[in-house]
Amino acid sequence: MATPPFWLATARVMDIGIIMPDPVAGDWQDTGMLHGMAERLPTPGTALVTGGTAGIGLAFAHRLAARGHDLVLVARDAARQESVAAELRAAYGVDVEVLVADLADREQLARVEQRLRDPERPVELLVNNAGFGLKKRFLDNDVDTEQAMLDVLVTAVMRLTHAALGTMVERRSGGIINVSSVAGYLPRGSYAAAKAYVTNLSQWASAEYKPVGVRVMALCPGFTKTEFHERMKVKRGSGFMWLDVDRLVDDALRDFDKGRPISVPGRHYKAIVTATRFIPARALQTYQSIGRR
Ligand SMILES: NC(=O)c1ccc[n+]([C@@H]2O[C@H](COP(=O)([O-])OP(=O)(O)OC[C@H]3O[C@@H](n4cnc5c(N)ncnc54)[C@H](OP(=O)(O)O)[C@@H]3O)[C@@H](O)[C@H]2O)c1
């Protein structure tokens, strides 16, 4: 990514709102048709959130419980899951199930796939959110560490999307929010490449399954104040480039309600995504270390 002053300058020049990156698959227009739909539904059904115990996933869990969704939380730390679940039950009076699973482990991932396919307990909304980044560059990581990141960011998202879509298309109802990243629009190594996959798949699936009543959206956050950078052991910044997690999720849900295929919260990040269409990849690559120090 570019230095903040560069992006600030770009944002000033380019802040003309999001331009559809793929005119064939995308639909950036707000038709208003689906706005507020989730709030109006008397029983919005169960939402399964991966990584629902911290950061963006935890903010989703709160907002969805406030909308009346029962929840299934998926993460590795069982004690933390129980404590978050108890808090959500007490605050919103919804059912909260915990599913302890490491999404990098194929057998544990299969249990989450099974839960999504359970016809007795349908999941109406899947939020594929769990993820992490790596501080070091591609060749400085051993290949198993890279594989684990790919497993969580891509394989788990693909398999859970596949499992959920199967039943949702059959029921002709449901939705999926795949948490991707603005990084997916930039040349920033294997993390960005994984997120590019998530954005592209989601954008395509949005167009493909909208006619049968299933909504799919990629959420592409920029730098967001969560545990992500601390876990990566890089310094978390501050200032206007750093998004508030609750506001991010409110913006995302507003876009989802409107039926948008992609949500890029924050005007400056919308401008960055727009700018990536015009700035040569070689120039973008020069700034790829931002957020890794
Ligand atoms: N924060 C940012 O600046 C930013 C920007 C763009 C995109 N994103 C994306 O947003 C998503 C959420 O990130 P965040 O910032 O909210 O991170 P976070 O605060 O570190 O939370 C990560 C969550 O994912 C869970 N998780 C991590 N690895 C897992 C695994 N192998 N299996 C199951 N659960 C796992 C964690 O719980 P356990 O540790 O208990 O498993 C935790 O609940 C990620 O996909 C990330 O790539 C973040």
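Residues numbered from 1 in each chain as written. Predicted model: local features only at pLDDT ≥ 70, side-chain atom pairs only at ≥ 80, totals over all residues.

In the nomenclature of an unreviewed UniProt entry, the protein is known as SDR family oxidoreductase of Nocardioides bigeumensis. Turning to the protein, the UniProt annotation filed under Subcellular location (unreviewed entry) states: "Endoplasmic reticulum". UniProt's Sequence similarities (unreviewed entry) comment on the protein is quoted here verbatim: "Belongs to the short-chain dehydrogenases/reductases (SDR) family." (UniProt positions renumbered as here; feature names shortened; annotations may be inferred.)

**Student:** Lay out the site of the ligand with the relevant residues and their values.
**Tutor:** Neighbouring the ligand are 28 residues, the closest being Gly 51, Gly 55, Gly 131, Thr 226 and Phe 228. Within the residue set of the shell around the ligand, elements represented by two or more residues are α3 (55-66) and α8 (228-232). At 3 residues, the largest contribution of residues to the shell around the ligand is made by α3. (Near = placed C-beta within 6 Å. Helix = DSSP H or I, 4+ residues; strand = E, 2+ residues; numbered from the N terminus.)

**Student:** Provide a residue-level description of the environment of Phe 138, including the pertinent values.
**Tutor:** With respect to the helices and strands, the residue Phe 138 is situated in the loop between β4 (123-128) and α6 (143-171). Overall, the presence of 12 C-beta atoms within 10 Å leaves Phe 138 in the exposed class. Sequence-distant contacts of Phe 138, defined by excluding residues within four places in its chain, comprise Glu 146, Gly 189 and Ser 190. (Buried ≥ 20, exposed ≤ 12 C-beta atoms within 10 Å, placed from the backbone. Contact = placed C-beta atoms within 7 Å.)

**Student:** Account for the confidence of the model for the protein, with residues named and values stated.
**Tutor:** Confidence in the prediction of the protein, expressed as mean pLDDT, is 87, and 83% of residues score 70 or more. Overall, residues 1-41 carries pLDDT values under 50, and its contacts beyond four positions in sequence, including any with other chains, amount to 62 contacts. (pLDDT = per-residue confidence, 0-100.)

**Student:** Could you give an account of the packing of α3 against helix α4 (residues 78-92), naming the residues involved and the relevant values?
**Tutor:** The geometry of a pair of packed helices is captured by two quantities: the angle between their axes and the separation between those axes. Packing of α3 against α4 brings their axes to within 10 Å, and their N-to-C directions diverge by 25°. Comparing their axes, α4 and α3 come out roughly parallel. Between α3 and α4 lies a crossing of right-handed hand. Along its contact with α3, which presents Leu 58, Ala 61, Ala 65 and Ala 66, the element α4 presents Val 84, Leu 88 and Tyr 92. Among the residues making up the contact of α3 with α4, the classes are represented as 7 nonpolar, no polar and no charged. (Axes fitted to C-alpha atoms, helices over the stretch in contact; angles between N-to-C directions. Parallel < 35°, antiparallel > 145°, perpendicular 65-115°, else oblique. Left-handed = near helix turned anticlockwise from the far one by under 90°. Nonpolar A, V, L, I, M, F, W, Y, C, P; charged D, E, K, R; others polar.)

**Student:** Tell me about the pairing of strand β2 (residues 70-75), and name the residues and values.
**Tutor:** On a regular strand, each side chain points to the face opposite its neighbour's, so the side chains alternate between the two faces of the sheet. β2 sits mainly inside the fold: 6 of its 6 residues count as buried. A two-sided burial pattern is seen for β2, the buried positions comprising Asp 70, Val 72 and Val 74 on one face and Leu 71, Leu 73 and Ala 75 on the other. Where strand β1 (residues 46-50) lies against β2, 5 bridges are found, and the strand directions are parallel. Its bridge partner being in β2, Val 49 is matched across the sheet by Leu 73. Note on the crossover from β1 through α3 to β2: the handedness is right-handed. Note that β2 and strand β3 (residues 96-100) share 5 bridges and pair parallel. When the bridges of β3 are listed, Leu 73 appears paired with Val 98. (Pairing = 2+ DSSP bridges. Right-handed = clockwise from strand over helix to strand, strands pointing away.)

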